[in-house]
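# Fold and geometry: a report
Below, each chain spelled out in residue letters.
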Amino acid sequence: MAAGYAELLGTRHAARLLAGTLVGRLPNATAPIAIMLFTRAEGGSYTLGGALAAVYGVSNAVGQPLLGRAVDLKGQPRVQLPAAFLSALGVLLLCLSGIDHLVLAYAAVVVAGLFTPPLEGGLRALWPSVLGDEDKVHRAYAMDAVAQEIMFTVGPLLVTLLVSLWSSAAALLVINGIGVLGALSVVVSEPSRTWRSAPREAHWLGALRSPGLLALLGSFFFVGMALGSITVAGVAYGDDHGEAWVYGVLMAALGLGALVGGLVYGARQWAGAPEPRLVVIVALLAAGYLPLMLTPGIVAMTVLAGVAGVFLAPALACAFIVVDRHAPRGTVTEAFSWLVTTFGVGSAVGTGAAGPAVELGGTAASFGVAAVGGVLALLVLVATRRVLRVPQVRESGVNIVGAFENDRIGEVEPGFSSGHQA
């Protein structure tokens, strides 16, 4: 297990790109909890905190595919770094305006979310040129999902630590400053500077003209909804128990569970098509969310949170391959950015719905939003299994093994195409 990941990270540029991307994504990964804690510290309600976090999420969802398409057309450095600076400026505006001027607060989170750089998609667009081997790229997807869970484990703990040491505003500013440095590390690297997207058919729908991709996005909207609601539910659970650190522990347990699940999933090669496997993984993911509604004591709840996270990283790793099989040629960054977008919109909806759920039905009701999201994600995959079964044939009709130049051209295995990101 460890040897396989060590081999990938030993490849030139791989460790730097992965680390830079994770650090650069830290502001986006911690934004919901950081905004919620900032709002509460300023005297705002759960509903307002959830609304601001939801607006951030929706703005991020709008910006990701637009910036992803810009990356495909203009290259990574000309888009990623300016976007990172603009996003950080939005956070600075939020800290300066507070919540007394709601128009400014909402405008700030819109700017911060809209200009979040599409670093995830950029990394997955770079893997083929950096690794040069199909099996390694698939393994990198699993490693990527595992590394994200490390970030989602450390991120909430870092936010709560910064809040306890300084303030919620300081936490926002420090996290976003670190994010800009991460983006800078990526875009000045040789693979990022030299990467160019493959030619693409001019079509206003871009990657969205693939029915299989649309089906996958529909499912992961609800996965995002489940995770977004847990952000608010975890804060409410911590408030119920009178301890601010409880939220960080729950989120760390969720991330640790996903980390373990991702390591186990990535340690073996899976036979057969990934689409049926994804249905099983999402079913197990949904089953893990249901017991959270019991809201037992802190120790038991931490265990349940860990179990609930186990199948998240495997679901993401498998979804990356499915995106790759169904995305049209030449839509590398955009295709995976749509996965980020759909996930983000779902998370925003879950965050926005969980706030009123807490105030109307208590903490258990907010965890119920997560359970509903998991079940709906499964139902979408089951309902669209025929569409997902066969990847769409690319316009080029190319089917070659060595198409790993910058952006991959054609298909390597059935549907191993030019679409990387999420």
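Attention here is on the structure that accompanies the text. Note that the coordinates shown come from a computational prediction; the quantities given were computed from them, not determined experimentally.

When its secondary structure is counted, the protein shows 17 helices and zero strands. Across the 422 residues in the protein, those meeting the buried criterion constitute 59%. Considering only contacts within the protein whose residues lie at least 6 apart along the sequence, 82% involve residues at least 24 apart. Working note: accessible area of the protein is about 15,300 Å², and carbon and sulfur atoms make up 70% of it.

Together, Leu-290, Met-293, Val-372, Val-375, Leu-376 and Leu-379 give the surface a local cluster of nonpolar side chains, amounting to about 450 Å² of exposed area. Secondary-structure assignment places Val-375 in helix α16 (residues 363-383). Owing to a relative accessible area of 35%, Val-375 belongs among the partly exposed residues under this scheme.

Looking now at the layout of surface pockets. Here the largest pocket is characterised by a volume of approximately 400 Å³. Counting residues per element, the ones that place at least two in the lining of the largest pocket are α7 (134-165), α11 (245-266), α12 (274-289) and α14 (312-326). Take the lining of the largest pocket: its biggest share by element is six residues, from α7.

To continue, consider the pattern of salt bridges. Scanning all chains against the criterion turns up eight salt bridges. The closest approach of N and O atoms between Arg-139 and Glu-7, which form a salt bridge, is 3.4 Å. Taken together, the positions of Arg-139 in helix α7 and Glu-7 in helix α1 (residues 2-10) put the pair 132 residues apart, joining distant regions of the chain. Of the charged contacts in the structure, one is a salt bridge between Glu-120 and Arg-25, with a shortest N-O distance of 3.2 Å. Note that Glu-120 is positioned in helix α6 (residues 119-131) and Arg-25 in helix α2 (residues 14-41), a separation of 95 residues in sequence. Neither residue differs from the other here; Glu-120 and Arg-25 are each classed as buried.

Another aspect to go through is the environment of Val-382. Looking at the element boundaries, Val-382 is found in helix α16. Between the alpha carbons of Val-382 and Ser-219 there is a distance of 9.6 Å; along the sequence they are 163 residues apart.

Rules used in this analysis
Starting from 1, residues in each chain are numbered consecutively following that chain's sequence as written. Only residues with pLDDT of at least 70 get local features here, since the model is predicted, and only at 80 or more are side-chain atom pairs given and counted; chain-wide, interface and lining totals rely on the full set of residues. Here the side-chain values reflect all heavy atoms present in the structure, with hydrogen atoms and water set aside. Starting at the N terminus, helices and strands are each numbered in turn, a helix being any DSSP run of H or I of at least four residues and a strand any DSSP run of E of at least two. Any residue under 20% of the maximum accessible area for its type is buried, any over 50% is exposed, and the rest in between are partly exposed; the area is computed with a 1.4 Å probe on protein chains only. Only heavy atoms enter the contact rule, under which two residues are in contact if any of them lie within 4.5 Å. Only the protein chains shown count as covering a residue, and every accessible area follows the Shrake-Rupley method with a 1.4 Å probe. A patch consists of residues whose relative accessible area exceeds 30% and which take part in no salt bridge; residues with like charges are grouped when within 9 Å of each other, and nonpolar side chains (Val, Leu, Ile, Met, Phe, Trp, Tyr) when within 5 Å. Throughout this description, the term salt bridge denotes a Lys or Arg side-chain nitrogen within 4 Å of a carboxyl oxygen of Asp or Glu. Each cavity reported here is a set of points on a 1 Å grid over the protein atoms alone in which a 1.4 Å probe fits but cannot get out, each pocket an open set with protein on both sides within 12 Å along at least five of seven lines, and each lining residue one with an atom within 4 Å of a point. Grid points are joined across faces, edges and corners, and a volume is the space filled by probe spheres set on the points.

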